[in-house]
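Coordinate analysis (summary)
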Amino acid sequence: MNFDMPPAMDRQDLRDLKKSIDLGFRDFSRAYGDDLEAFFDPLLYFLVWLEKLLLATPWPVILLAVGVIAWFGARKWFVVVGSVAAFLLIGYFGMWKDMLATLAIVSVSTLLCVVIGIPIGICMARSDKVRSLITPILDVMQTIPSFVYLIPVVMLLGIGKVPGLISVCIYAIPPIVRLTNLGIRLVDKEVLEAAQAFGASPQQKLFGVQVPLALPNIFAGVNQTIMMALAMVVIASMIGMQGLGQQVLRAVSNQYLALGFMNGLAIVALAIIFDRISQNYGKRLQKHLEGGRDE
Amino acid sequence: MSDAAVQIRQVYKIFGPNPKSMVKHVKNGISKQDLMDLHGHVLGLKNVNIDVRTKEIQVIMGLSGSGKSTLIRHINRLIDPTSGEILINGQNILNMTKAELRTFRRFSISMVFQKFSLLPHRTVAANVAYGMEIQKLEKRTVSERCQKWIDRVGLTGFESYYPAQLSGGMQQRVGLARALATDADILLMDEPFSALDPLIRTDMQDVLLSLQSELHKTIIFITHDLDEALRIGDDIAILRDGSLVQKGSPQNIILNPLNNYVAAFTKDINRGRVLYIESVMDDGIANDAIKIQHDTVIDDALQVLIQNNTTYANVVKNRNIIGQVSLNNLIASLSRPKVSGDSPV
Ligand SMILES: Nc1ncnc2c1ncn2[C@@H]1O[C@H](COP(=O)(O)OP(=O)(O)OP(=O)(O)O)[C@@H](O)[C@H]1O
Ligand SMILES: [Mg+2]
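Remember, it's a predicted structure, so these values are computed and weren't measured experimentally.

**What about the sheet that holds strand β1 (residues 4-15) of chain B?**
One key point about sheets: their strands pair by backbone hydrogen bonds, in either a parallel or an antiparallel sense. Residues and elements named next belong to chain B. As summarised here, the arrangement of the 4 strands in space is β2-β1-β4-β5, forming an open sheet in which the pairing is antiparallel. Single-partner strands in this sheet number two, and they are β2 (42-53) and β5 (91-92). Pairing of strand β4 (residues 83-88) with β5, which is carried by 2 bridges, proceeds in the antiparallel orientation. Within β5, the residue paired with Ile-88 across the bridge is Gln-91. Of the strands in this sheet, β1 and β2 touch helix α2 (residues 32-39), which is tilted by about 145 degrees from β2. Helix α3 (residues 68-75) contacts β1, β2 and β4 of the sheet and is inclined by roughly 125 degrees relative to β1.

Structure (structure tokens):
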């Protein structure tokens, strides 16, 4: 008996197994790849449209928009000033276009994650069966190295914006699903009982009580999702997604130190801006839960 | 049909994985402890029968864990019984479909909770409006009625506050307004004032009593405070380990406690301040005596006797003499009654 290695499959068998999986998947992608691409076309159009819109907008308008969003999100002057200044600096160092591309990608993927993630989170919260089904999937999505799922995505959809978007979403969707589920499950049972005592239907309970009370948690999920989407843009640029991430990738492969740092810092700046705005907004959402009169 | 608005008929409630199969053990008289130890089920209610008269305040008392909350939640089916019937105005609510039950909860019954259970994301006004929104009332009606009830419970000016910005007493006023605003005839109150300071509690009792003198709702009111029960209740039911041990008028409960458990509730009460002379008077008419109203409490009656320098008086009700009291019998009735033998508490 050999104790160096545990029993292993015969090499030839193993090779055949891998080959048959690869071939099977290749056949699958040959058969359905086009359909899938067509299915995602609207997404592509939307992304391209947003990118073009951003690029066509005069830069002062964009700065103004950033300032206004920062004000309505955070209601704090230093967040407004900081955001506008960061955008100006990014433009000054020649990363304006790449930044807008990244902005478009992150916005669309966040939107996609919210639209898909919140309903999934709600379903999870309403049924323990659904939860026990989805939790392991989320665990896999969060722990599997992202390079690994780039492979099937590329095989199916090739290289480009849509596969990039999808891999960003796979990476960024788990927190919003988890936190929606958690937020709804944490809603005070007694408040829910009160709604029931007044004859609220299941929908009235969901939209009138559970979702509004879960909003602070759901919002924390949105915040996390944005952060993870930003973190993923570098990896997604390996499969042809444009933007700041692509410049970082170029810098790594060519050892351009300054280029790498500048684009890296631009991503950091975007992350901080998104984070401060959305976090402050989330905090304002739950202000009524504490004491203290607002306004 | 009788004048009972709510009839609870042979209700059993057992908590656990297989409650139906436990009913026979409970009917055979197994104790709460044995049911837990031998079968792993919790006895919630055991053969409870209560008729609540319409337009009266029915108080339900009992120690913690005696099943008060469980019982009151049967009346709007937040909890379903393991066996038994619950009739509201003659209709068995257990036969209702889900939709019928929702309609019943929207229009016929409302509830006030021990921990207020307000919707924290809604303002005072929006909380009071909640039941009416679910009733799908017109917006104008909602805001009119909303304001009326906010004013009525004394919260004028706080309409746009959030619950977390209010004191406990004020929050429960919101809870009361929210429950009353739906115009339901039956009001369930699960220890509504227990979480409040004694002074605020008395305030809230006054609010409730003055509302009740206008509204004449059928109210089921839970408390573990006998003073509160005596002040508010037209009738008191006492629960122990899920069973009803005694039910009757406040005077009757104090004068004739059935066993030590009930007596323990009444022992600290100031009998002179709660017992009416009508409840302790003797038959017959005294000659030449002063007259005292039947609903005078013993303390006040003693005062009258002493002031008039006399030792006896006639008891009058509606200008008729219905009995007599003497100094001796009044003083004697201040002492606690003996309980007709029972296991100690
Ligand atoms: N969902 C449940 N599952 C199991 N046991 C329960 C459940 N709800 C209540 N019980 C049990 O039923 C009994 C009665 O509880 P209940 O809450 O009705 O008491 P209570 O008289 O309202 O007490 P308190 O004064 O503390 O509010 C208790 O022994 C409790 O542990
Ligand atoms: Mg209780």
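**Things to note about the site of ligand 1**
Residues and elements named next belong to chain B. Every residue near ligand 1 is listed here: Phe-15, Lys-32, Val-42, Leu-63, Ser-64, Gly-65, Ser-66, Gly-67, Lys-68, Ser-69, Thr-70 and Glu-191. Here Gly-65 contributes a backbone N or O atom positioned 2.8 Å from an oxygen atom of ligand 1. The contact in question runs from an oxygen atom of ligand 1 to an N or O atom on the side chain of Thr-70, over 2.5 Å. Summarising the interface, the protein chains cover 61% of the accessible area of ligand 1, which totals 640 Å² for the free molecule. Take the shell around ligand 1: its biggest share by element is 3 residues, from α3. Grouping the amino acids of the shell around ligand 1 by side-chain chemistry returns 3 nonpolar, 6 polar and 3 charged.

**Let's talk about the packing of helix α8 (residues 189-197) of chain A against helix α9 (residues 202-236) of chain A**
All names here are of chain A. Across the interface, α8 lies against α9 with an axial gap of 11 Å and an inter-helix angle of 165 degrees. Put simply, α8 runs roughly antiparallel to α9. Judged by the sense of rotation from one axis to the other, the crossing of α8 with α9 is right-handed. The residues of α9 that touch α8, namely those facing Val-191, Leu-192, Ala-195 and Gln-196, are Lys-205, Val-209, Gln-210 and Leu-213. The residue makeup of the contact of α8 with α9, split by class, is 5 nonpolar, 2 polar and 1 charged.

**Looking at the interface of chain B and chain A**
Contact with chain B, which involves 28 residues of that partner, is made by 24 residues of chain A. Between chain B and chain A, roughly 2,200 Å² of surface is buried when both sides are summed, and carbon and sulfur atoms account for 59% of that area. It is His121(B), Tyr130(B) and Gln165(B) that lose the most area in chain B upon contact with chain A, and together they represent 23% of the buried surface on that side. Glu190(A) serves as the salt-bridge partner of Lys115(B), at 3.4 Å between the closest nitrogen and oxygen. Sorting the residues of the side of chain B that touches chain A by element identifies α4 (98-107), β6 (109-112), α5 (124-134) and α7 (168-181) of chain B as the ones contributing at least two each.

**Describing the pattern of salt bridges**
Pairs may arise between side chains of opposite charge once their charged atoms sit close together. Residue and element names in this part refer to chain B. Inspection of the entire model under this criterion finds 24 salt bridges over all chains. Residue Arg-152 is joined to Glu-214 by a salt bridge in which the shortest nitrogen-to-oxygen separation is 2.7 Å. Note that Arg-152 is positioned in helix α6 (residues 139-152) and Glu-214 in helix α8 (residues 198-215), a separation of 62 residues in sequence. Here Glu-278 ties to Lys-317 by a salt bridge, and the two come within 3.7 Å at their closest N and O atoms. Highlighted residues: Glu-278 in helix α13 (residues 277-280) and Lys-317 in strand β12 (residues 312-317), separated in sequence by 39 residues. Lys-317 gets classed as partly exposed once you look at its relative accessible area, which sits at 32%. Through salt bridges with shared partners, a single network forms among Arg-53, Glu-56, Asp-235 and Lys-247.

Criteria and thresholds
Residues numbered from 1 in each chain as written. Chains lettered and ligands numbered in written order. Predicted model: local features only at pLDDT ≥ 70, side-chain atom pairs only at ≥ 80, totals over all residues. Heavy atoms only, no water. Pairing = 2+ DSSP bridges. Helix = DSSP H or I, 4+ residues; strand = E, 2+ residues; numbered from the N terminus. Contact = heavy atoms within 4.5 Å. Axes fitted to C-alpha atoms, helices over the stretch in contact; angles between N-to-C directions. Near = heavy atom within 4 Å. Polar contact = N/O pair within 3.5 Å; in protein donor to acceptor, adjacent residues only side chain to side chain. Areas by Shrake-Rupley, 256 points an atom, 1.4 Å probe, with all protein chains shown as cover. Nonpolar A, V, L, I, M, F, W, Y, C, P; charged D, E, K, R; others polar. Parallel < 35°, antiparallel > 145°, perpendicular 65-115°, else oblique. Left-handed = near helix turned anticlockwise from the far one by under 90°. Buried area = accessible area lost by both parts, 1.4 Å probe. Salt bridge = Lys/Arg side-chain N within 4 Å of Asp/Glu carboxyl O. Buried < 20%, exposed > 50% of the residue type's maximum accessible area, 1.4 Å probe, protein only.

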